[in-house]
Amino acid sequence: MTTTLAKFSIEADQYLVQIEDALDRYCQSLELSHNGSPSLNQAIRYCLTAPGKRIRPLLVLTATQVCGGIPAAALPAACAVEMIHNYSLIHDDLPAMDDDDLRRGRPTCHIQFDEATAILAGDALIPFAFEVIANEIQPADTALACVLALAKAAGPLNLVGGQADDLQHQFSQGDSTMLERIHHRKTGALLSVSLELGAIIAGADSSVRENLVKYGKNLGLAFQITDDLLDLRGSENTIGKRTGKDFDRGKLTYPGLIGESASLKRASEMAESAISAISSLGTAAAPLERLARFIVTRTH
């Protein structure tokens with residue numbers, strides 16, 4: 001397993017520097033504007049450039065590579081997905097939602113600044129993401145397809161709807177069907193669209209896109225189950241956020257619903273289902289196979 005993780009890290013390192021540099025440039029573009037708000041821009045930079053795994057932008061670039069495209073051409077879309085992801089984290093951490101005070105080893109946005117600034121920073125990242133795609137993805141019909149795919153994934157039927165249902169049912173008895181439905185949307189939608197964006201930019205056909213989306217849905221469940229396990233068993237110093245909070249509050253999670261052993265098994269099954277979904281891509285899919293196995297063995 002160490003070899004698998006090492007190989008994945010080497011591949012990821014090829015793109016991480018590009019992603020971090022691009023996120024920094026987008027923050028600079030806001031900061032250099034005469035119309036910008038310094039306090040808002042500071043909050044955006046604080047969140048968008050915080051240390052993170054960058055799984056979603058890495059998926060965009062890796063999917064582009066797997067589909068035979070040029071990863072550099074997909075970098076704006078990769079950053080746009082990270083902007084949407086960060087907006088969702090900022091808002092999820094607010095007192096009205098998950099009420100968290102620690103994220104990625106640092107105070108959450110509303111703690112570091114204030115609630116109003118955090119809300120506005122999250123609000124700002126949504127249109128900024130679509131502006132980046134519209135301005136920088138070529139040709140125009142590819143940009144349009146990317147905008148539509150990301151809007152659907154981030155909207156009321158997926159990311160936002162999943163969060164709404166999560167809040168509504170978080171302390172209910174629930175069942176595995178309900179929990180999977182929530183996390184297919186709350187977690188899986190952005191992972192799936194990351195792969196779809198890479199495929200769109202690479203010009204992949206519909207069947208390849210469908211297989212990548214299926215991979216993303218299964219990967220999303222594997223990721224969320226592992227997240228739930230880390231909340232229960234992980235270290236705050238390693239994970240960078242409060243641990244044990246969901247369990248202590250009696251929140252509906254996979255370990256709480258089906259137990260730790262069954263959760264581990266389910267996460268591994270979902271990872272293997274993700275890998276099976278892209279088997280038709282042959283050896284080109286190897287980076288995504290390693291990523292799926294990395295997801296369920298990660299420690300943070």
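Everything numeric in this text was worked out from a predicted model, so none of it was measured.

1. As for the packing of helix α8 (residues 159–169) against helix α9 (residues 176–186)
Interhelical geometry of α8 versus α9 gives an angle of 145° and a closest axis separation of 7 Å. At the point where α8 passes α9, the crossing takes the left-handed sense. Along the contact surface, α8 presents L159, G161, G162, Q163, D165, D166 and H169, while α9 presents M178, R181, I182, R185 and K186.

2. Examining unusual backbone geometry
Across the junction of Q138 and P139, the peptide omega takes the value -5°, indicating a cis bond. Relative to the assigned elements, P139 resides in the loop between α6 (115–136) and α7 (140–154). If you check the backbone angles, D99 has positive phi at about 55° while not being a glycine. Secondary-structure assignment places D99 in the loop between α4 (75–92) and β1 (102–103). The class for D99 is partly exposed, based on a relative accessible area of 43%. Of note, R104 is a non-glycine position whose phi angle comes to about 55°, a positive value. Tracing the sequence through the fold places R104 in the loop between β1 and β2 (106–107).

3. Observations concerning the packing of aromatic side chains
Each aromatic ring pair is described using two quantities: the centre-to-centre distance and the angle formed by the ring planes. Evaluated as defined, the whole model comprises two aromatic pairs. For the pair Y26 and F128, a centre-to-centre distance of 6.2 Å together with 85° between the ring planes defines the contact as edge-to-face. A residue pair is termed long-range when its members are at least 10 positions apart, and Y26 in helix α1 (residues 2–31) and F128 in helix α6 qualify at 102 residues. Comparing Y26 with F128 shows no difference in burial state: the two are buried. Seen in terms of ring centroids, Y46 and F113 are 5.4 Å apart; in terms of plane orientation they differ by 85°. Their pairing is edge-to-face. Of this pair, Y46 sits in helix α2 (residues 38–48) while F113 is found in the loop between α5 (109–112) and α6, placing the two residues 67 residues apart along the sequence. Judged by relative accessible area, which is 14%, Y46 ranks as buried. Note on F113: relative accessible area 23%, which makes it partly exposed. The cationic tip of R106 hangs over the ring face of Y46; the distance from NZ or CZ to the ring centre is 3.9 Å. Lying across the ring of F223, R298 places its NZ or CZ 4.0 Å from the centre.

About the thresholds
- Residues numbered from 1 in each chain as written.
- Predicted model: local features only at pLDDT ≥ 70, side-chain atom pairs only at ≥ 80, totals over all residues.
- Heavy atoms only, no water.
- Axes fitted to C-alpha atoms, helices over the stretch in contact; angles between N-to-C directions.
- Helix = DSSP H or I, 4+ residues; strand = E, 2+ residues; numbered from the N terminus.
- Left-handed = near helix turned anticlockwise from the far one by under 90°.
- Contact = heavy atoms within 4.5 Å.
- Buried < 20%, exposed > 50% of the residue type's maximum accessible area, 1.4 Å probe, protein only.
- Phe/Tyr/Trp six-rings, centres within 6.5 Å; stacked < 30°, edge-to-face > 60°.
- Lys NZ or Arg CZ within 6 Å of the ring centre and 35° of its normal.

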